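Residue-level structure breakdown
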Amino acid sequence: MAGRLRRLVRYIRESLYAQLLVWVLLTLLGVLALNLYFSMRQAVQISSIVTDNTLMGSARMIAEAVRTDERGNVAVDIPPAALENFANGYGDRVYYSVRTAWGTVIAGSNELKPPPVLGQGSAMRVRNEDVRALAIEHPVIGLEKDGTIDVTVAVTLNGESDLTRRLWMSDFFNQFVLVVVAGVVTLLGLRRGLAPLIRLREAVMASRRERLEPFDPASVQTELRPLVHALNDYMARVQRQMASQRRFVANAAHQLRTPLTLLTTQASVAARETDGERRSDALNALTRSTRQASRLAEQLLTLTRAEPGSRTPRAERIDMVEVARLVLEAQAEDALKRGIDLGLEGEGDAPVTGDGTMLREMVVNLVDNALRYTPSGEVTVRVVREEDTVVLTVDDSGPGIPEEERERVFERFYRIMGTQAEGSGLGLAIVREVVEGAGGRVTLGTSKMDGLSVMVRLPMSPADRISSFDPDG
């Protein structure tokens, strides 16, 4: 039993159809319970009114039977009809009393006292029984003193209770039938209303949807169309991502094929060469090609790690001045060999929040890109703080990038025609992925040395942003 109950609860939690049905039924049952409560109150009021009207009629019949003789004595003959009104088959007992204004009981029970309010039914107890009683005041011609009498009639509650029950049960039956009909209509309505959603589910699961074709929003109700639009947008993003991945894999394979073929050729030449000097040249070329292939593989790996969702995001406090200093120290020897003046401008700290490894790779690619495309001259890295932003700029004295090409150079494996420097076309693509992943942006411009200027803006670390705020302005 407990296992079935758990399965039922799990089914309700997991099924939209079951949840909607349960909520509708709970609403209907709540309305039913509320209606039955008011129906009970109404049935009690109606049965009390019926009993009070019967009591009133009986009391008037008894009052009209009261008379006085020539000596002023009061007498009454109780009409049988006054008591037969309560002969309803429920065994109710009837009590009555006729009293003068000064309290003398002319007829009936001494124990039955008039209710507090004349002409209005009241609940009382007579001889340890619950009764409903009503009293009226009636004038009597020839009666001394005040000339009025009080007639009180009371009856036990068997008939009234049965009338209340019958009225309530009749209302209960009618409302129960309405709830059952409403439940059946709701059940059919939910099946029909959820049919488009079921069809949408079947369409999503259909094998023909492997091509990620968009769904027709007109095939579902208005409320479901935002879901269809979201699915279509999601599939379009997936298609673009898949196309991007296919291009990436094809380009990566193409880019790797050339250095690997070159490595094989150079290794074969070095193996066949008998002259020591030429063998040394071949081995040096092999070493350079190996480094290029290794750098390409490293950039491919970095680009993959920089893509959104490829790894768990890290939120470290990184000082970009320190990162730039470490990168320049590592690149200093290569810059010296090329005859390039490599400098750093930046004081204090420039804290940002992000992945330290990826931010370092971003700076490495910027500096490496500047060194590759600057035959000789100057490369300067500048890090400054501007309000709540850290700005890192890399300026070189190379040929620069034409303005019409500045957006395309961020594409993977894209290289400007006629470029002589060795490269894979991944450096700036990696920079953009890392910068956007850190919530920043990158722009290209012209340096003061007529070369390329790459400006990266990153949001400052929140804690440092608050601490640097001056409330006095």
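Residues numbered from 1 in each chain as written. Predicted model: local features only at pLDDT ≥ 70, side-chain atom pairs only at ≥ 80, totals over all residues. Heavy atoms only, no water.

Quick look at the overall build of the chain
Helix and strand counts for the chain stand at 10 helices and 14 strands. If you take every contact in the chain between residues at least 6 apart in sequence, the share linking residues at least 24 apart comes to 63%. When the accessible surface of the chain is totalled, it reaches about 28400 Å², and 55% of it is carbon and sulfur. (Helix = DSSP H or I, 4+ residues; strand = E, 2+ residues; numbered from the N terminus. Contact = heavy atoms within 4.5 Å. Areas by Shrake-Rupley, 256 points an atom, 1.4 Å probe, with all protein chains shown as cover.)

So, the pattern of salt bridges
Considering all chains together, one arrives at 18 salt bridges under this definition. The salt bridge partner of Glu111 is Arg127, with a shortest N-O separation of 3.3 Å. Taken together, the residues span a long stretch of sequence, with Glu111 in the loop between strand S4 (105-108) and strand S5 (122-126) and Arg127 in the loop between S5 and strand S6 (129-139) at a distance of 16 residues. Since its relative accessible area comes to 47%, Glu111 is described here as partly exposed. Arg325 is the salt-bridge partner of Glu322, the closest N and O atoms lying 2.9 Å from each other. On the criterion of helical spacing, the pair formed by Glu322 and Arg325 is a turn pair, its members being three residues apart in helix H7 (residues 320-338). Each of Asp162, Arg165 and Arg166 takes part in salt bridges that share partners, so that together they form one network. (Salt bridge = Lys/Arg side-chain N within 4 Å of Asp/Glu carboxyl O. Buried < 20%, exposed > 50% of the residue type's maximum accessible area, 1.4 Å probe, protein only.)

Focus: unusual backbone geometry
Keep in mind that most residues, glycine aside, have a negative phi and that most peptide bonds are trans. The phi dihedral of Asn128 is positive, around 60 degrees, even though this residue is not glycine. Locating Asn128 in the fold gives a position in the loop between S5 and S6. On the basis of relative accessibility, which here comes to 70%, the residue Asn128 falls in the exposed class.

Quick notes on the UniProt feature "transmembrane region" (unreviewed entry) in the chain
Those places that UniProt annotates as "transmembrane region" (unreviewed entry) correspond, in this numbering, to residues 20-38 and 172-190. The annotated region residues 20-38 carries 100% helix and 0% strand content, and the separation between its end C-alpha atoms amounts to 27 Å. Along residues 172-190, the helical share is 100% and the strand share 0%, with 26 Å between the first and last C-alpha atoms. (UniProt positions renumbered as here; feature names shortened; annotations may be inferred.)

Thoughts on the packing of aromatic side chains
Summed over all chains, the structure comprises three aromatic pairs. Measuring from ring centre to ring centre gives 5.5 Å for Trp168 and Phe172, while their planes differ by 20 degrees; the resulting arrangement is stacked. Of the two residues, Trp168 and Phe172 both sit in helix H4 (residues 158-205), four residues apart, roughly one turn of that helix. Taking relative accessible area as the criterion, Phe172 reaches 28% and is therefore assigned partly exposed. Ring geometry for Phe172 and Phe176: centres 6.0 Å apart, planes at 25 degrees, overall stacked. In this pair, Phe172 and Phe176 both sit in helix H4, four residues apart, roughly one turn of the helix. An aromatic cluster is present here, built from Trp168, Phe172 and Phe176 joined pairwise through their rings. (Phe/Tyr/Trp six-rings, centres within 6.5 Å; stacked < 30°, edge-to-face > 60°.)

Focus: empty space enclosed by the protein
Evaluation of the coordinates by the stated rule reveals one cavity of 30 Å³ or more. Size it by volume and the largest cavity reaches roughly 30 Å³. Lining the largest cavity, in full, are Leu366, Asn369, Ala370, Val394, Asp396, Leu452 and Val454. Among the secondary structure elements, those contributing two or more residues to the lining of the largest cavity are helix H8 (356-372), strand S12 (389-396) and strand S14 (452-459). Among the residues making up the lining of the largest cavity, the classes are represented as five nonpolar, one polar and one charged. (1 Å grid on protein atoms, 1.4 Å probe; cavity = no way out; pocket = protein on both sides within 12 Å on 5 of 7 lines; lining within 4 Å. Points joined across faces, edges and corners; volume = space filled by probe spheres on them. Nonpolar A, V, L, I, M, F, W, Y, C, P; charged D, E, K, R; others polar.)

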